[in-house]
Each structure stands twice: as structure tokens, then as C-alpha cells.
Amino acid sequence: MTISKTNRLSLVEQVVFQIEALIESGEWKIGHQIPPEMDLIKQFDVSRNTLREAVRSLVYAGLLVTKQGKGTFVKSSSALGAAFQRRIQQSSLLETLEVRHALEREGAQLAALRRDKEDIEQLQIHITACRNAAEAKDIKAYEEADILLHKSIMGSSHNDLLIDLYEHMEDSLHDSIHQIVEMSTDENFHLNIHCSLVEAIIEQDVNRAIETVNEYIARFKKSLK
């Protein structure tokens, strides 16, 4: 992938553009370490300084993250997503819940309309993991299973934009679910409401799916007051 140096963009901008394309296409996936510096220098046919400036620019933009002693990793799939992540990190738990409410309500509705056999299998796997973690009173395992369940519901919507938006909320999703579980005074409510939501989606009961999300979010918004 040799960059044409006759382009009006600077070499740094061209490298940034090419790296963004690799990330947005999924060739470089979120969480994966980017190739070694020398490999990228050869791939883009640029100097070390040009490459490093491009990488610094993408780290600043939030698409990449440098971990001391480990290397540079893909943090976000798009510049918009990175900006969205930064904004959410500055938000309160109540604001995060309100945004979750909007996204999850639409996700649940679409999932109930569009879920297929594979989606059902994934939903059942994740709700079973939630149930097992709850029975074992393993809070950390429950939170992880809960996040995977929510992401699976969004995946069942088959709306790529909605899925991407929700994906960019993952860090804040971790925080909000942790706080919600910690604040819960009814150990069974959290699990039961999720079981009800999964059942509604599997049965393609759109109204029940929406109502369940409304009930879940309203319950925990109230606990913040």
C-alpha cells in the first residue's frame, strides 16, 4: 500500500487517512495491537517521523491508544466513535442511563421484530450465563454476562449504526451496570427483568420488550434520586 506523494494532503494526513480506512474496514479490529513500526514504514513508504506523527494524531483523536511497554492498540472504530466515547466519559450516571434508555428501547423493539435463530441461541447463552453468575453470587461474572447480553440484544436488531453507537458506550456501560448492580436492593429484580426481556424478544412481543426496558431503566433512575 504505497501512498502517492503527489496528493495535496500532507504525508502525515495521508497516513492518517489510510490507517482510519484500515480501522473502519475492520482489518484492524478494536483491541488489537497495530503492526510493528518498521512494517508500517514499509507498508506506507514513509519516514519514521511521518509515521509517528500520524500515530500521535490518531492517539489524540482517540482511535488508537498507546500502552506503556506493550505497544499501540486500536481503541475505536471511527473518529466519530472516539468523540462519542470521550463525551460519554464526561457524563453523569443519570445521563448515561437516559442515553441507554433511548438506544436499548429501540434495540429491544428491533430485536423483537428481526431476531433470527442464531440471535435466539446467543440470547439464551448469555441469559443462562447471567442466571448462573447470579446463583453463584459472582458479581463480576454477572456484570460481564450482563454486558454481553445487552450487546447480543443490540446485535439482534440488525441495525449496524445502532450496534456501532452502543459499542462506543462500552466503557460507560461497564460503569453503569456495575453501579446499578451495587445499588440494587432486590437481588432478583435485575435478573428477572432481563429474563423477561429475552423472552419478549424470542416471542417477538414488541410491546412487552419496550415495556420491559422502560421498567428496568425507570427503576434505576428512581434509585438515583
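In short, a report on the structure. Every value quoted in this text rests on a predicted model; they were computed, and no experiment measured them.

Our focus in this paragraph is the overall build of the protein chain. If you tally the helices and strands in the protein chain, you get 11 helices and 2 strands. The secondary structure elements of the protein chain, listed N-terminal to C-terminal, are α-α-α-β-β-α-α-α-α-α-α-α-α. Among the 225 residues that make up the protein chain, the fraction classed as buried is 41%. Long-range contacts, defined as pairs at least 24 residues apart, comprise 69% of the intrachain contacts of the protein chain with a sequence gap of at least 6. Total accessible area on the protein chain stands at roughly 12,600 Å², and carbon and sulfur atoms take up 49% of it.

Turning our eyes to something else, we now look at the side chain of H194. Within the secondary structure, H194 is located in helix α10 (residues 187-202). Overall, H194 belongs to the buried group, its relative accessible area being 2%. Among the polar contacts made by the side chain of H194, one reaches the main-chain carbonyl oxygen of H190 at a distance of 2.6 Å. Residues contacting H194, with those up to four places away along its chain left out, are I127, Y142, D146, L149, H150 and Y216.

Counting across every chain of the model gives 0 aromatic pairs. If you follow K67 out to its NZ or CZ, it ends over the ring of F73, 4.8 Å from the centre.

As defined by bridge partners, strand β1 (residues 64-67) adjoins strand β2 (residues 71-74) across 4 bridges and the pair is classed as antiparallel. If you follow L64 over to β2, its bridge partner there is V74.

Under the criterion given, the structure shown has 0 disulfides. Not engaged in a disulfide, the cysteine C130 finds its nearest cysteine sulfur in C195; these two sulfurs lie 7.8 Å apart.

What follows is about the nonpolar core. With 28 residues, the main nonpolar core has C130, L149, I153, L197, I201 and A209 as its most contacted residues. Broken down by secondary-structure element, the contributors of at least two residues to this core are α5 (93-114), α6 (117-135), α7 (139-155), α10 and α11 (206-222). With 8 residues, α10 is the largest single contributor of residues to this core. Residue contacts for L197: discarding those within four places in its chain leaves A108, I153, A209, T212 and V213.

Moving on: the side chain of S196. Tracing the chain through its elements places S196 in helix α10. S196 sits in the buried class, given a relative accessible area of 18%.

It is worth spelling out the environment of A134 at this point. Positionally, A134 belongs in helix α6. According to the relative accessible area criterion, A134 is partly exposed, its value standing at 29%. Separated by 56 residues in sequence, A134 and H190 have C-alpha atoms that sit 9.6 Å apart. Those residues in contact with A134, other than ones at most four positions away along the chain, are Y142 and L191.

The next thing to look at is the pattern of salt bridges. This structure, assessed with the given rule, holds 5 salt bridges. The shortest N-O distance in the salt bridge between E37 and R52 comes to 2.7 Å. With E37 in helix α2 (residues 37-44) and R52 in helix α3 (residues 48-61), the pair connects residues that are 15 residues apart, well separated along the chain. Overall, E37 belongs to the partly exposed group, its relative accessible area being 28%. Its relative accessible area of 39% is what places R52 among the partly exposed residues. We note a salt bridge from R208 to E199, for which the minimum N-O separation is 2.9 Å. If you follow the salt bridges from partner to partner, you end up with E37, R48 and R52 in one network.

Basis of the calculations
Residues numbered from 1 in each chain as written. Predicted model: local features only at pLDDT ≥ 70, side-chain atom pairs only at ≥ 80, totals over all residues. Heavy atoms only, no water. Helix = DSSP H or I, 4+ residues; strand = E, 2+ residues; numbered from the N terminus. Buried < 20%, exposed > 50% of the residue type's maximum accessible area, 1.4 Å probe, protein only. Contact = heavy atoms within 4.5 Å. Areas by Shrake-Rupley, 256 points an atom, 1.4 Å probe, with all protein chains shown as cover. Polar contact = N/O pair within 3.5 Å; in protein donor to acceptor, adjacent residues only side chain to side chain. Phe/Tyr/Trp six-rings, centres within 6.5 Å; stacked < 30°, edge-to-face > 60°. Lys NZ or Arg CZ within 6 Å of the ring centre and 35° of its normal. Pairing = 2+ DSSP bridges. Disulfide = S-S within 2.5 Å. Core = buried A, V, L, I, M, F, W, Y, C linked by side-chain atoms within 4.5 Å. Salt bridge = Lys/Arg side-chain N within 4 Å of Asp/Glu carboxyl O.

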